[in-house]
Amino acid sequence: MQAGTSLRTADGFFYPGPRPLADRNTPFLAANLAAQMTPALAAGVETSATDAGLTVRAAYLNWAWGPVDGWIGRRPIGLGTGPRDGIVLNERTSFNGTGVALREGVKIPVLGRLYADISAARLRRSGTVRHPWFHATRLTISPQNSLAIGLNRAAIFGGDDENEITPARIALMLLGFPDVSGKDSDFENQVASIELLWRTAVRGWPLALHTEYGADDSGFAFLHVPAMIAGVELVAVPGAPHLGVGVEAVYFSRRCCTYPPWYRHGALADGWTDRGGLLGHPLGGDGTELAMTVEWIPTRQNGVASLRLYERHRGVDNLFAPNRAGNSVGGELSVVMPWRRFRFEVRADGERWEGERAGGLRVFGSRSF
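Predicted, not measured: the structure shown is a model, and the values here were computed from it. (Residues numbered from 1 in each chain as written. Predicted model: local features only at pLDDT ≥ 70, side-chain atom pairs only at ≥ 80, totals over all residues. Heavy atoms only, no water.)

Novice: I'd like a description of the overall build of the protein, backed by residues and values.
Specialist: Helices and strands together make up the secondary structure of the protein, namely two helices and 23 strands. Looking at the protein residue by residue over its 369 residues, the buried ones come to 40%. Taking all contacts inside the protein whose residues are at least 6 apart in sequence as the whole, residues at least 24 apart take part in 51%. (Helix = DSSP H or I, 4+ residues; strand = E, 2+ residues; numbered from the N terminus. Buried < 20%, exposed > 50% of the residue type's maximum accessible area, 1.4 Å probe, protein only. Contact = heavy atoms within 4.5 Å.)

Below, the structure written as C-alpha cells:
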C-alpha cells in the first residue's frame, strides 16, 4: 500500500492514503526450522514460497538470561492474549529488530505479577520518511491466575529535517506528549489499547471473556474515536469437553471532529503499514465485524482444529479503500498436527465482497532439534 488517494481533515491536515490491495488467491508453502543449541540459546528460521518467489518471514536468535528472555533478527511481533487480531498489532507482519521480555513476570505488591515485553525494529520507509523506527510495548498485570490486564502501545517514529530522531523527542514520545515545544505530532504515529482477559465459570460452564479498548494517537481520541473488541468463549461445551465455541464483535469509530482516520498519519504517509503489510486489525481502521469460532482439541498431544467465520463491514476510511469498502463474508480454517518432533499446520482462508475475493491456502511444516 503506497501513497495514492488523498484525504483532508477539517483542520486542514493532508493525509495521503495507501493504494488499494490487489485481489489474490495464492497457494502458500512455508517451512519452519527451530534448533535448541543450549538451554539458554535457540534459533529459528521460517521461509515461504508463493508465485511471487521465495521469502524469509523469520530468522532469529532467542536467548535467556535469568528472568529475561530476548530475541534478535526478523520475526513477527504480536501483542495480546492470543492468536486473534488485535487493535494495535496482528501477528502476521514480520519486523527486523530486537526485543526483551519478562516471561515469568515479577511479583508486585497488591497488583500480583507483572509481565513485560518490549521490542524495537527498523522499517524501510513510510511515505517520504526513510528508515523510520518501530517500537512496541506490552505490560500485563495479573492480580490472580484467572485475570490478566494488558496495556499495549506501538509507534512508528522518526522524520526528516526538523523532526529527526533525538533522545529528547523519543523521551517525549514515550511519556505521551504529542505536540510540545521541541516535538510535534508528526514525529510519530502511535496506537495504544488496554485489554482484559477473565476466565470464570457460570453454572459450571467454563467461560473466557476478553475485551480490548484502543485509541489511535493521543489527546482525547480514546473518548471520541475509540476502537473496541469484545468476545466470549465457552471453553468446553457440556457433553463435549474437547469442543469450544466463541463469538466476538469488533468496532472502529468513524472519524470525526479534527481527528484523522484510524491508522493514518500525515508525515508518516504509509499509515499503519510496513511495505504494504497492515500492522493492525484486518478491518483497516473503519468498520465492524461479527465472528464465530469453533475449536476442537482432542488431546493436548494430538493437535487442534479451529474454524472461524465472520461478517465484516468496512467503512470508506479503511486502509484498503476504495476497493474493500462495504460488506464482506469470510472464514479461516486451521488444522495443527504434531508428530514426534515435527509439527504440521494447514491454513485456508478466504474473504468475498461484491464480486471480489481474496485468500489462499497455506501449508506449514516445522522441525525442532
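Novice: Lay out the pattern of salt bridges with the relevant residues and their values.
Specialist: Following the criterion strictly, the structure yields nine salt bridges and no others. The partner of R138 in a salt bridge is E195, with the nearest N and O atoms 2.4 Å apart. Taken as a pair, R138 in strand β11 (residues 133-144) and E195 in strand β13 (residues 188-202) lie far apart in primary sequence, 57 residues in all. For R138, a relative accessible area of 8% puts it in the buried group. For R308, the salt bridge identified is with E248, shortest N-O distance 3.1 Å. Pair noted here: R308 is in strand β20 (residues 304-314) and E248 is in strand β16 (residues 243-252), with a separation of 60 residues, a long-range link. Take R308: its relative accessible area is 15%, and that puts it in the buried class. For E248, a relative accessible area of 11% gives the class buried. (Salt bridge = Lys/Arg side-chain N within 4 Å of Asp/Glu carboxyl O.)

Novice: Before we move on, can you summarise the pairing of strand β19 (residues 287-296) with the specific residues and values?
Specialist: Note: β16 against β19, ten bridges, orientation antiparallel. Bridged to E248 within β19 is A291. (Pairing = 2+ DSSP bridges.)

Novice: Which residues make up the packing of aromatic side chains, and what values do they have?
Specialist: Here the structure, examined in full by the defined rule, presents five aromatic pairs. The interplanar angle of 15 degrees and the centroid separation of 4.5 Å between the aromatic rings of F95 and F134 together place this pair among those described as stacked. Separated by 39 residues along the polypeptide, F95 in strand β7 (residues 94-108) and F134 in strand β11 bring together distant segments of the chain. Of the two residues, F95 and F134, neither departs from the other in class, the shared state being buried. Each ring, one from W262 and one from Y263, has its centre 5.6 Å from the other, and the planes form 85 degrees; the classification is edge-to-face. In this structure W262 comes out as buried when scored by relative accessible area, which is 3%. Put simply, the rings of F95, F134 and W272 pair up and form one aromatic cluster. Taking the ring centre of W71 as reference, the NZ or CZ of R75 above it sits at 4.8 Å. The ring of Y310 is capped by R312, whose NZ or CZ atom sits 3.8 Å from the centre of that ring. (Phe/Tyr/Trp six-rings, centres within 6.5 Å; stacked < 30°, edge-to-face > 60°. Lys NZ or Arg CZ within 6 Å of the ring centre and 35° of its normal.)

Novice: Give a detailed account of the environment of S185, specifying residues and quantitative values.
Specialist: Of note, S185 is situated in the loop between α1 (167-175) and β13. Each C-alpha atom of the pair S185 and A267 lies 8.9 Å from the other, and the pair is 82 residues apart in sequence. In contact with S185, other than residues within four places in its own chain, are P178, D179 and H265.

Novice: Tell me about the pairing of β16, residues and numbers included.
Specialist: Regular strands show a simple pattern: their side chains alternate between the two faces of the sheet. Side chains G244, G246, E248, V250 and F252 project from β16 onto a buried face, and the interleaved L243, V245, V247, A249 and Y251 project onto a face without burial. Strand direction decides the pairing type here: strand β15 (residues 227-234) and β16, joined by eight bridges, are antiparallel. Looking at β16, one finds that A230 is bridged to A249.

Novice: Give me the lowdown on the environment of W262, citing residues and values where you can.
Specialist: Locating W262 in the fold gives a position in the loop between β16 and β17 (273-274). Considered as a pair, W262 and G285 are 23 residues apart in the sequence and their alpha carbons are 4.8 Å apart. Apart from the residues within four sequence positions on either side, W262 is in contact with I87, V191, G214, A215, D216, V225, P226, A227, F252, S253, G284 and G285. At 3.0 Å, the side chain of W262 and the backbone oxygen of V225 are in polar contact. (Polar contact = N/O pair within 3.5 Å; in protein donor to acceptor, adjacent residues only side chain to side chain.)

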